[in-house]
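Notes for the structure review
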Amino acid sequence: MIATATNLEIACPPWASEPDDGYHLREAVTHALRHSGYTYLSNLKCEVLDGVVDVFGVVPSFFLKQVTQTIILRIGQVKEIRNNLKVI
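Treat the numbers as computed from the prediction; the structure is a model and nothing was measured.

**Brief notes about the pattern of salt bridges**
Evaluation of the coordinates by the stated rule reveals 3 salt bridges. In this structure, Arg 82 and Asp 54 form a salt bridge, with 3.6 Å as the shortest nitrogen-oxygen distance. In this pair, Arg 82 sits in strand β4 (residues 80-87) while Asp 54 sits in strand β3 (residues 52-59), placing the two residues 28 residues apart along the sequence. Judged by its relative accessible area of 37%, Arg 82 is partly exposed. Measuring nitrogen to oxygen at the nearest pair gives 3.8 Å for the salt bridge that ties Arg 82 to Glu 80. A cluster of three or more residues bridged by salt bridges with shared partners is formed by Asp 54, Glu 80 and Arg 82.

**Focus: helix α1 (residues 22-34)**
With 13 residues, α1 extends 18 Å between its outermost C-alpha atoms, agreeing within 8% with the 18 Å of an ideal straight helix rising 1.5 Å per residue. Those residues of α1 lying buried are Leu 25, Ala 28, Val 29, Thr 30, Ala 32 and Leu 33. Among the structural elements, β2 (45-49), β3 and α2 (62-73) are those in contact with the buried residues of α1.

**Section: α2**
Each α-helix turn comprises 3.6 residues. Residues three or four places apart therefore point the same way. For α2, which comprises 12 residues, the first-to-last C-alpha distance of 17 Å matches the rise-based estimate of 16 Å (1.5 Å per residue) to within 8%. The set of residues buried in α2 consists of Leu 64, Lys 65, Val 67, Thr 68, Gln 69, Ile 71, Ile 72 and Leu 73.

**Side note on the confidence of the model for the protein chain**
Chain-level statistics for the protein chain give a pLDDT mean of 84 and a share of 77% at 70 or above. pLDDT under 50 marks residues 4-8. Its contacts with residues more than four places away, or in other chains, come to 7 contacts. pLDDT under 50 marks residues 14-19. Its contacts with residues more than four places away, or in other chains, come to 8 contacts.

**Quick notes on the packing of α1 against α2**
With their axes 9 Å apart at the nearest point, α1 and α2 run at an angle of 130° to one another. Between α1 and α2, the angle is such that the two are oblique. As α1 runs across α2, the sense of the crossing is right-handed. Here Val 29, Ala 32 and Leu 33 of α1 lie close against α2, whose contacting residues are Thr 68, Ile 71 and Ile 72.

**Observations concerning the nonpolar core**
Grouped together as the largest cluster of nonpolar side chains are 20 residues, with contacts concentrated most on Val 29, Leu 33, Leu 41, Leu 44, Val 53, Ile 72 and Val 78. When residues of this core are traced back to their parent elements, those giving at least two are α1, β2, β3, α2 and β4. The element that contributes the greatest number of residues to this core is α2, accounting for 5 residues. Apart from residues no more than four positions distant in its own chain, Leu 41 is found in contact with Leu 33, Ser 36, Val 59, Leu 64, Val 67, Thr 68 and Ile 71.

What counts as what
- Residues numbered from 1 in each chain as written.
- Predicted model: local features only at pLDDT ≥ 70, side-chain atom pairs only at ≥ 80, totals over all residues.
- Heavy atoms only, no water.
- Salt bridge = Lys/Arg side-chain N within 4 Å of Asp/Glu carboxyl O.
- Helix = DSSP H or I, 4+ residues; strand = E, 2+ residues; numbered from the N terminus.
- Buried < 20%, exposed > 50% of the residue type's maximum accessible area, 1.4 Å probe, protein only.
- Expected span 1.5 Å × (residues − 1).
- Contact = heavy atoms within 4.5 Å.
- pLDDT = per-residue confidence, 0-100.
- Axes fitted to C-alpha atoms, helices over the stretch in contact; angles between N-to-C directions.
- Parallel < 35°, antiparallel > 145°, perpendicular 65-115°, else oblique.
- Left-handed = near helix turned anticlockwise from the far one by under 90°.
- Core = buried A, V, L, I, M, F, W, Y, C linked by side-chain atoms within 4.5 Å.

Listed below in structure tokens is the structure:
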């Protein structure tokens, strides 16, 4: 599933302000997922290249799969998500 950014963006931390800096964007995504309030999202992995986030892992419901996507899309420098989560 591929999604694109919406108007509802959250501010990236100052250290993630460079859109081409995949490391910092990956850190921003990881931080957002870990602090989402959903334990399962803390264990997800992601890769970033040119603003495209590939997210991997396992979640127990389609709801959490969608929540993950929504959280990531709120990060300003994210251009696209490739949601590779498995629901088990």
